[in-house]
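An overview of the molecular structure
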Amino acid sequence: MSCPSDTSSSALNVLIFLGAPGAGKGSLAEKCVKELGFVQLSTGNLCRKHIADRTEIGEQIDLIIKSGRLVPDSLIVDMVADWFEKQRGKASTVILDGFPRTIAQAEALRKLFKENFPTVRLSVIKLEISDDVVINRLCSRIVCENKACQAVYSTVSGSQLAPKKPFTCDLCEGALIVRADDTEESVRKRLQIYHQHEHDLLDFYTSIEQLVMKLSVERPLIEVFDEFVRIMGLDDR
Ligand code: AMP
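The structure reproduced in this document is the subject of the present report. Just so it is clear, the structure is predicted and the values come from calculations on it, not from any experiment.

**Quick look at the sheet that holds strand β5 (residues 141–144)**
What the three strands build is an open sheet, ordered β6-β5-β7; its pairing is antiparallel. Two strands lie at the open edges of the sheet, namely β6 (152–154) and β7 (176–177), each paired on one side alone. Where β5 and β7 come together, two bridges link them in antiparallel fashion. Within β7, the residue paired with Val 143 across the bridge is Ile 177.

In structure tokens form, the structure reads like this:
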């Protein structure tokens, strides 16, 4: 990863959402974008965009993603470094949704900030949820097929995440589809991989004296958002 050094004087806040697949990282991030003007970087969305655009990277990662495994660290880290470079001077608060997922990624991110964005203020928020709730959620998840949108909805009627019109995105009117990796087999694989890495990531944050805030997400999104605002000290926004 090579980037020129930081020339902007404004501080960049970066929030890492650490949580299992289906914990609602994307939904909470989208709400923060809408209500608080934050910017979201979802590495999963970036990967799916590569696949939809049939880029060289997309061809390499298509099967990996369908099977629920992790994309190689080097590919993901380069995507993230490019993204931050393009955002230079634009965003003031960025949510990292689904990154870093391994120690190698966490170390690479630390190096990227140290060398190129030294004014970054980092917060880590761990979204807490049980595996059973995750499996139920993901089996009813539908997403916008428009890769520039990828908004997330639920098929459970009465859910706050239910779309206004059936199988149609509220935001861009794109069709809502089931994600290729939301099969039960793939979800179980993704959960297993998540738990393998979660422990190491938490140890890593402890070792660098980075506080990890906990947020219980087994409740409606609006309550999760209110609690997020409270723990981040944004109540008087
Ligand atoms: P997500 O949308 O965050 O659930 O990610 C969907 C899939 O994209 C994951 O199961 C991985 O295959 C891939 N992916 C997303 N982010 C990462 C990451 N940080 N490291 C490796 N693979 C990733």
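**Overview of the sheet that holds strand β3 (residues 93–97)**
With parallel pairing, the five strands of this open sheet are ordered in space as β2-β3-β1-β4-β8. Edge strands, defined here as strands with exactly one partner in the open sheet, are β2 (39–42) and β8 (212–216). Each neighbouring strand pair of the sheet contributes to a mean axis angle of 25°, computed without reference to strand direction. Inspection of the sheet shows strand β1 (residues 13–18) paired to strand β4 (residues 121–128) by six bridges, in the parallel sense. Bridged to Asn 13 within β4 is Arg 121. Contacting β1, β2 and β3, helix α4 (residues 73–87) runs over the sheet at an angle of about 160° to β2.

**Observations concerning helix α6 (residues 131–139)**
Residues Val 134, Ile 135 and Leu 138 constitute the buried set of α6. With its buried residues spanning 95° around the axis, α6 presents them on a single face. Away from the buried face of α6 by more than 90 degrees, exposed residues Asp 132 and Asn 136 are located. Considering only its buried residues, α6 is in contact with β5 and α7 (184–207).

**Notes on helix α8 (residues 221–231)**
Residues Leu 221, Val 224, Phe 225, Phe 228 and Val 229 constitute the buried set of α8. The buried side chains of α8 occupy one side of the element, clustering within an arc of 135° when seen end-on. Where α8 terminates, the next one or two residues include Gly 233, which has phi positive at roughly 70°.

What counts and what doesn't
Positions within a chain are numbered from 1, following the residues in the order the chain's sequence is written. Selection of residues for local features in this predicted model requires a pLDDT of at least 70, selection of side-chain atom pairs for listing and counting requires 80 or more, and totals for whole chains, interfaces and linings are taken over all residues. Side-chain measures were taken over the full set of non-hydrogen atoms in the model, leaving aside hydrogen atoms and water. Strand pairing is assigned whenever DSSP identifies at least 2 bridges connecting the two strands. Where helices and strands are cited, they refer to DSSP runs of H or I of at least four residues and of E of at least two residues respectively, numbered from the N terminus. Think of each axis as a best-fit line through the C-alpha atoms, taken over the contacting stretch in the case of a helix, with angles from 0 to 180 degrees between the N-to-C directions. Any two residues whose heavy atoms approach within 4.5 Å at even a single point are treated as in contact. Each residue's exposure class comes from its accessible area (1.4 Å probe, protein chains only) as a fraction of the maximum for that residue type: buried when under 20%, exposed when over 50%, partly exposed otherwise. Directions are taken from the helix axis to each C-beta atom, and the arc is the one they span.

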